Amino acid sequence: MSTGGAPARGTFEEPPAELTPHTAWGFSTTSADYDRSVTANQRGAHRLVASLPTEAYERILDVGCGTGLATTEVLGRFPGVRKVIGVDPAEGMLAELRDKLATRDDLEVELQNVPAEEMRLEPAGVDLAISTMAFHWLPDRRAVATSMAAALRPGGVFAVLAPSAGADLEFFQLVRELDPPAPSEWLDAERRYILDPAELERVVEDVGLEIEDMWVEERVRRVTPDEFIDRMKAVATHVFLRTPGYEPAVLEDAWSRTEDGIRARAADRGAFEYRFNKVFVVARRPG
Ligand SMILES: C[S@@+](CC[C@H](N)C(=O)[O-])C[C@H]1O[C@@H](n2cnc3c(N)ncnc32)[C@H](O)[C@@H]1O
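Residues numbered from 1 in each chain as written. Predicted model: local features only at pLDDT ≥ 70, side-chain atom pairs only at ≥ 80, totals over all residues. Heavy atoms only, no water.

## What about the overall build of the protein chain?
Moving on, step 1. Counting its secondary structure elements, the protein chain contains 10 helices and 7 strands.
Moving on, step 2. Taken against the 2.2 N^0.38 rule, which gives 19 Å for 287 residues, the C-alpha radius of gyration of the protein chain at 19 Å falls within 12% of a compact globule.
Moving on, step 3. Considered along the principal axes of its C-alpha atoms, the protein chain spans approximately 55 × 40 × 30 Å.
Moving on, step 4. Counting over 287 residues, the protein chain shows a buried share of 53%.
Moving on, step 5. Just so you have it, the protein chain exposes about 12,600 Å², and 48% of that area is on carbon and sulfur atoms.
Moving on, step 6. Charge separation in the protein chain, taken as the distance between the mean sites of 33 positive and 49 negative side-chain charges, equals 3 Å. (Helix = DSSP H or I, 4+ residues; strand = E, 2+ residues; numbered from the N terminus. Rg over C-alpha atoms; globule rule 2.2 N^0.38 Å. Buried < 20%, exposed > 50% of the residue type's maximum accessible area, 1.4 Å probe, protein only. Areas by Shrake-Rupley, 256 points an atom, 1.4 Å probe, with all protein chains shown as cover. Lys, Arg positive; Asp, Glu negative; His and termini not counted. Charge placed at Lys NZ, Arg CZ, Asp CG, Glu CD.)

Below is the structure:
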């Protein structure tokens, strides 16, 4: 397991420019605030895990495990789990998960501090391969789904939860209306990091998995502007506050105008109201 080079939790350092290391750097810098800022992610992981078929899962793989919201939900529902493999390139996020599991002497815990595209897994070595709110950050979703499918024993279960088309619509509207305009990467984020459910369905089927249950949730949340801003910082610092290739002053100016827009909208309506859609899929490796 490699742990070198990652920033300490809660500190800001200059990020590496390449895409996944930059994403990982962003999550490591905000990992200490992550669980507090994304309570909706915990509830989403809970709903996915509650929908898994009731079976004896002993070995689980959590891809883009972060601080372990999915892993802890699985451990809560299935006390028979004996081995956890967590994969995440953000060492700061893994450090939080390591702390959570520190007292679980009954568990074998293997944390791989690498992008999912580089994870090393035994063929047919796990009973459940899960990924919550991480699939959308993967540069090569098909390759990772292929590896997850190969890691499952025949009959093993695959489960993914990701943001779905329409998520954060109101935020992206505000970003689109900025004048002077936002960096084009901010607008691209809606296309790049919000999944089309049809794309997810195609990927899962193309890698040979059989879908048993797939659904989209369309939710509208009402939060304070600070809650919304904290969430954005916890999950997308690398996209908006440290966009590669831009001077910090340019980003600070555009971000501060975005925050003004969020606050103005909330002042009009008594809360910041935004859509957050999620896609869930539960599938099985045939056999
Ligand atoms: C929003 S967090 C989700 C964490 C956790 N699964 C949850 O449900 O809260 C996204 C996670 O994906 C990880 N990630 C980003 N790029 C990745 C990649 N290429 N491979 C694996 N994980 C990645 C990030 O480091 C981060 O921990």
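So that's the structure; there's more coming.
## A word on the site of the ligand
Moving on, step 1. In the region of the ligand, 21 residues are neighbours, and Tyr34, Gly64, Asp88, Ala116 and Thr132 sit closest.
Moving on, step 2. Side-chain polar atom of Asp88 to an oxygen atom of the ligand: 2.6 Å apart, as the coordinates give it.
Moving on, step 3. With respect to the ligand, the side chain of Thr132 contributes an N or O atom lying 2.6 Å from an oxygen atom.
Moving on, step 4. When isolated, the ligand has an accessible area of 600 Å², and the protein chains bury 100% of it.
Moving on, step 5. For the shell around the ligand, the element with the highest residue contribution is helix α1 (residues 19–37), accounting for 4 residues.
Moving on, step 6. Across the shell around the ligand, the residue classes tally to 14 nonpolar, 5 polar and 2 charged. (Near = heavy atom within 4 Å. Polar contact = N/O pair within 3.5 Å; in protein donor to acceptor, adjacent residues only side chain to side chain. Nonpolar A, V, L, I, M, F, W, Y, C, P; charged D, E, K, R; others polar.)

## With respect to the nonpolar core
Moving on, step 1. The biggest cluster of nonpolar side chains holds 63 residues, and the ones touching the most others in it are Leu52, Phe171, Trp186 and Phe240.
Moving on, step 2. Per element, the largest residue contribution to this core is 9 residues, and it comes from helix α9 (residues 225–241).
Moving on, step 3. For Phe171, the residues in contact, after removing those within four places along its chain, are Phe228, Met232, Phe240, Trp255, Thr258, Ile262 and Phe272. (Core = buried A, V, L, I, M, F, W, Y, C linked by side-chain atoms within 4.5 Å. Contact = heavy atoms within 4.5 Å.)

## Quick word on the packing of helix α6 (residues 169–176) against helix α7 (residues 184–193)
Moving on, step 1. At a closest axis distance of 10 Å, the pairing of α6 and α7 adopts a crossing angle of 155 degrees. Taken as axis vectors, α6 and α7 run roughly antiparallel relative to one another. For the pair α6 and α7, the crossing hand works out as left-handed. Between α6, through Leu169, Phe172, Val175 and Arg176, and α7, the contact on the second element is made entirely by Trp186, Leu187, Ala189 and Glu190. (Axes fitted to C-alpha atoms, helices over the stretch in contact; angles between N-to-C directions. Parallel < 35°, antiparallel > 145°, perpendicular 65-115°, else oblique. Left-handed = near helix turned anticlockwise from the far one by under 90°.)

## Section: the confidence of the model for the protein chain
Moving on, step 1. When pLDDT is averaged along the protein chain, the result is 93, and 95% of the positions lie at 70 or above.
Moving on, step 2. Long-range and interchain partners of residues 1–11, a stretch whose pLDDT sits below 50, account for 22 contacts in this model, where long-range means more than four residues apart. (pLDDT = per-residue confidence, 0-100.)

## Some remarks on the pattern of salt bridges
Moving on, step 1. Throughout the structure, instances matching the rule amount to 25 salt bridges.
Moving on, step 2. Close ionic contact of Arg59 with Asp127 constitutes a salt bridge, the shortest N to O distance being 2.9 Å. Of this pair, Arg59 sits in strand β1 (residues 59–63) while Asp127 sits in strand β4 (residues 126–132); the two residues are 68 residues apart in sequence, bridging distant segments of the chain.
Moving on, step 3. Relative accessible area serves as the criterion here: at 28%, Arg59 is assigned to the partly exposed category. (Salt bridge = Lys/Arg side-chain N within 4 Å of Asp/Glu carboxyl O.)

## Points about α9
Think of an α-helix as 3.6 residues a turn; residues three or four steps apart then line up on the same face.
Moving on, step 1. Counted at 1.5 Å a residue, the expected span for α9 with its 17 residues is 24 Å, but the 17 Å between its end C-alpha atoms falls short.
Moving on, step 2. The axis of α9 is deflected most strongly, by about 85 degrees, at Val235.
Moving on, step 3. Across the 17 residues that make up α9, a large majority, 13, are buried. (Expected span 1.5 Å × (residues − 1). Bend = angle between axes of the 7 residues up to and from the residue.)

## Side note on the packing of α1 against α9
Moving on, step 1. Two numbers describe how α1 lies on α9: the axes approach to 6 Å, and their chain directions differ by 160 degrees. Of the possible angle classes, the one that applies to α1 and α9 is roughly antiparallel. Both α1 and α9 take part in a crossing whose hand is left-handed. Of the residues in α9, those in contact with His22, Thr23, Trp25, Gly26, Phe27, Thr29, Thr30, Tyr34, Arg36 and Ser37 of α1 are Asp230, Arg231, Lys233, Ala234, Val235, Thr237 and His238.
Moving on, step 2. For the contact of α1 with α9, a count of residues per class yields 5 nonpolar, 8 polar and 4 charged.

## A word on the packing of aromatic side chains
Moving on, step 1. All chains considered together, the criterion is met by 15 aromatic pairs.
Moving on, step 2. On the basis of an interplanar angle of 45 degrees and a centroid distance of 5.7 Å, the ring pair of Phe171 and Phe228 is categorised as tilted. Pair noted here: Phe171 is in helix α6 and Phe228 is in helix α9, with a separation of 57 residues, a long-range link. Neither residue differs from the other here; Phe171 and Phe228 are each classed as buried.
Moving on, step 3. With a centroid separation of 4.6 Å and 5 degrees between ring planes, the pair formed by Trp215 and Phe280 is classed as stacked. (Phe/Tyr/Trp six-rings, centres within 6.5 Å; stacked < 30°, edge-to-face > 60°.)

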